[in-house]
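# Chain and residue survey
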Amino acid sequence: MRGPLPLAVAFLAGMFMIVSFFSPHPAVEKASGDFLNWVSIVSGFSILLGVVSIAQNNLAKVKRRQKEWPYAVVLLVALAVMLAGGVLEGTDSGTVYDALFQNVQAPMMTTMFSMLAFFIASAAYRAFRARTLQATLLLGTAVIVMLGRIPVGQAIYDGLPDLANWIMAVPNTAVQRGIIIGAALGGAATALRIVLGLERTYMGRG
Amino acid sequence: MPRFGGARWTPVAWLVWAAPVWAQAEATTPPGWFNTDRVNALVLLVVFCAALLLYIRSAARGKSTYIRPLPGLEAVEDGVGRATEMGRPVLFIPGTGDVDMAETLAGLAVLGRIAGITARYDTPLMVPCLYPMPLAAADEVVRQAYTDAGKPEAFKSDMVRYMAGESFGFSAAVNGWMMRERPATNIFLGEFTAESLLLAETGNAAGAIQIAGTARPEQLPFFIAACDYTLLGEELYAASAYLSKEPKYLGSLKAQDLFKVILTVAILTGALAVTFGASWAPVFQGWFEAS
């Protein structure tokens, strides 16, 4: 991505989207809607880049008989079957694509998601070890919030649910808002640097 | 005087004819070119832009800017050094958001600096991507960093890889890679969602030093629990400035700080005005309301 053209495109597109935020004129609204549609279309085409990347890497792995290459074969076969199924038969209910998605891909995704429960437990165990003052405060706060969220907490002490709610609604919300305001300003500054052509690292330029 | 159907246009006839036309035109007149409800946002944008440009100019003239130490970024070079000594790779994930997210772009900006360091040390680098557009951008960033470091031949096309177009598929692929290759240093900088803990816990189990940063408050506790260093919110956007020390980045940090001061004063003023029932409190509140 060399030359001034990418910078000019970034500037014009960025400025137009800023203008469209402030203008309710139908012509501007329509144009900004078209712009966003173009983004979807370009994103759709870019999937081809991903398919090429994944196919190249895994084909090379199989050719060189790298470690665990049979898994690469499984991936390439799955890629080809899903692609062929989708193109030839569509993705409606009852098609090969849908059957593979519902019976293979969706359960695998659910399995990955369910593993979060165990990861949360192991991460919480490490985080709650009361080695420092901060960790001890974290542990104490977590115990209050967890107990305040379950019936046994109320059985221990009536005010525990209210205390847990107060912790979540006041100190926790205040800190979260502080982080959000800082992050929003950082995001706005990054966006403005890109629009003004000051930030070019995403194009591989310093 | 114009004539209509043989009759002369009198002022009364003109009004009789024009009234419904005018009423219809009023009903169908497109809204104006500017949404006056958003004047407050425009004022803030103009002030922010002006502050940004002024501070960048001031930094470019050599005015020094203090940045508080960020241990996570101090650890980057040590982390790459550790990977080099151990003969293991460095893993960098520029988030799991698409390239239209500011967090992804902040992650890519840091990737360029880190790729420069791995190029200098001849340390293997692995950059898995969830979406194809960050893939293309990351490929360009890493390739250029290796060229700038004088080692274009060290860049390998499989350094930046597309893993999967779905978050949990991506986590499974990256976690499997982490357990097989055992990277010495994992760097997660960008937008992360539910996969943050899956990645960070697996990296922890693989024995890597981990540096993470995201602007999403709901994911920060997971990174804090599972990683050695965490960049909180705005620190992610400051990372590029911290590593490069370039005026354009330092200046924008100052502009952000100025705005933080303005917003803090506004929040305190508003809170005190509402608490003490000041008559101007609703007007003041209205200045900061989004529409």
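Scroll up to find the structure.
Below is a short write-up of the structure. (Residues numbered from 1 in each chain as written. Chains lettered and ligands numbered in written order. Predicted model: local features only at pLDDT ≥ 70, side-chain atom pairs only at ≥ 80, totals over all residues. Heavy atoms only, no water.)

### Quick look at the pattern of salt bridges
Opposite charge on two side chains permits pairing when their charged atoms draw close. One pass over the full model with this rule turns up 14 salt bridges over all chains. Between A:Glu68 and B:Arg180 there is a salt bridge, with the nearest N and O atoms lying 3.1 Å from each other. A residue pair is termed interchain when its members come from two chains, as with A:Glu68 in the loop between helix 2 (26–63) and helix 3 (69–89) and B:Arg180 in helix 6 (residues 167–181). Measuring nitrogen to oxygen at the nearest pair gives 2.3 Å for the salt bridge that ties A:Arg126 to B:Glu201. With one member in each of two chains, A:Arg126 in helix 4 (residues 96–127) and B:Glu201 in helix 7 (residues 195–205) form a pair that bridges those chains. Under the relative-accessibility criterion, B:Glu201 is labelled buried at 5%. (Salt bridge = Lys/Arg side-chain N within 4 Å of Asp/Glu carboxyl O. Helix = DSSP H or I, 4+ residues; strand = E, 2+ residues; numbered from the N terminus. Buried < 20%, exposed > 50% of the residue type's maximum accessible area, 1.4 Å probe, protein only.)

### Some thoughts on the interface of chain A and chain B
Contacts between the two partners involve 57 residues from chain A, matched on the other side by 62 residues from chain B. Between chain A and chain B lies a buried interface of about 5200 Å² when both sides are counted; carbon and sulfur atoms form 71% of it. It is A:Phe22, A:Met112 and A:Leu185 that lose the most area in chain A upon contact with chain B, and together they represent 12% of the buried surface on that side. On the surface where chain A and chain B come into contact, there are two salt bridges. At the junction of chain A and chain B, the tally comes to nine residue pairs in polar contact (both at pLDDT 80 or more). Looking at the side of chain A that touches chain B, the elements that each hand over two or more residues are helix 1 (5–22), helix 2, helix 4 and helix 7 (160–195) of chain A. The dominant element in the side of chain A that touches chain B, judged by the number of residues it contributes, is helix 7 of chain A, at 15 residues. (Contact = heavy atoms within 4.5 Å. Buried area = accessible area lost by both parts, 1.4 Å probe. Polar contact = N/O pair within 3.5 Å; in protein donor to acceptor, adjacent residues only side chain to side chain.)

### Observations regarding helix 9 (residues 234–244) of chain B
All names here are of chain B. The element helix 9 is extensively covered by neighbouring structure, given that nine of its 11 residues are classed as buried. Along helix 9, the residues classified as buried are Glu235, Leu236, Tyr237, Ala238, Ala239, Ser240, Ala241, Tyr242 and Ser244. Two residues or fewer after helix 9 comes Lys245, characterised by a positive phi angle close to 60°.

### What to know about the sheet that holds strand 4 (residues 125–129) of chain B
Residues and elements named next belong to chain B. On the basis of which strands lie adjacent, the open sheet formed by six strands has the order 5-4-3-6-7-8 and parallel pairing. If you trace the sheet from one side to the other, it starts and ends with strand 5 (160–162) and strand 8 (229–232), each paired once. Each strand axis lies, on average, 15° off the axis of its neighbour in the sheet, ignoring direction. Bridge analysis of strand 6 (residues 185–189) against strand 7 (residues 209–214) gives five bridges, and the strand direction is parallel. Bridging across to strand 7, Phe188 finds its partner in Ala212. Contacting strand 3 (90–93), strand 6 and strand 7, helix 7 crosses the sheet at an angle of about 165° to strand 7. (Pairing = 2+ DSSP bridges. Axes fitted to C-alpha atoms, helices over the stretch in contact; angles between N-to-C directions.)

### A word on empty space enclosed by the protein
Residues and elements named next belong to chain B. The tally for this structure, following the rule as stated, stands at one cavity of 30 Å³ or more. Contributing to the lining of the largest cavity are Tyr55, Ser58, Ala59, Lys63, Thr65, Gly251 and Lys254. At the level of secondary structure, the elements contributing two or more residues to the lining of the largest cavity comprise helix 2 (39–60) and helix 10 (247–275). Sort the elements by how many residues they give to the lining of the largest cavity and helix 2 lands first, with three residues. (1 Å grid on protein atoms, 1.4 Å probe; cavity = no way out; pocket = protein on both sides within 12 Å on 5 of 7 lines; lining within 4 Å. Points joined across faces, edges and corners; volume = space filled by probe spheres on them.)

### Looking at the nonpolar core
Across soluble globular proteins, you tend to see nonpolar side chains buried next to one another. In terms of nonpolar packing, the biggest core is built from 56 residues, with B:Phe92, B:Leu111, B:Leu125, B:Val127, B:Val142, B:Tyr146 and B:Val160 touching the most fellow members. Here this core takes 10 residues from helix 4 (residues 102–121) of chain B, the largest share from any one element. Per-domain counts for this core show at least three residues from each of domain 1 (7–64 + 247–287) and domain 2 (71–244) of chain B. Excluding anything up to four places from it in sequence, B:Val142 contacts B:Leu111, B:Ala115, B:Leu125, B:Val127, B:Phe155, B:Met159 and B:Val160. With 28 residues, the next largest nonpolar core counts A:Leu116, B:Phe170, B:Val174 and B:Trp177 among its residues. (Core = buried A, V, L, I, M, F, W, Y, C linked by side-chain atoms within 4.5 Å. Domains from an automatic or database assignment.)

### Points about the packing of helix 2 of chain B against helix 10 of chain B
All names here are of chain B. Here helix 2 crosses helix 10 at 135°, and the two axes come no closer than 7 Å. Taken as axis vectors, helix 2 and helix 10 run oblique relative to one another. The chirality of how helix 2 crosses helix 10 is right-handed. Each of Leu44, Val47, Phe48, Ala51, Leu52, Tyr55, Ile56, Ala59 and Ala60 in helix 2 lies in contact with helix 10, whose residues at this interface are Pro247, Lys248, Gly251, Ser252, Lys254, Ala255, Gln256, Leu258 and Phe259. Tallied by class, the residues present in the contact of helix 2 with helix 10 amount to 13 nonpolar, three polar and two charged. (Parallel < 35°, antiparallel > 145°, perpendicular 65-115°, else oblique. Left-handed = near helix turned anticlockwise from the far one by under 90°. Nonpolar A, V, L, I, M, F, W, Y, C, P; charged D, E, K, R; others polar.)

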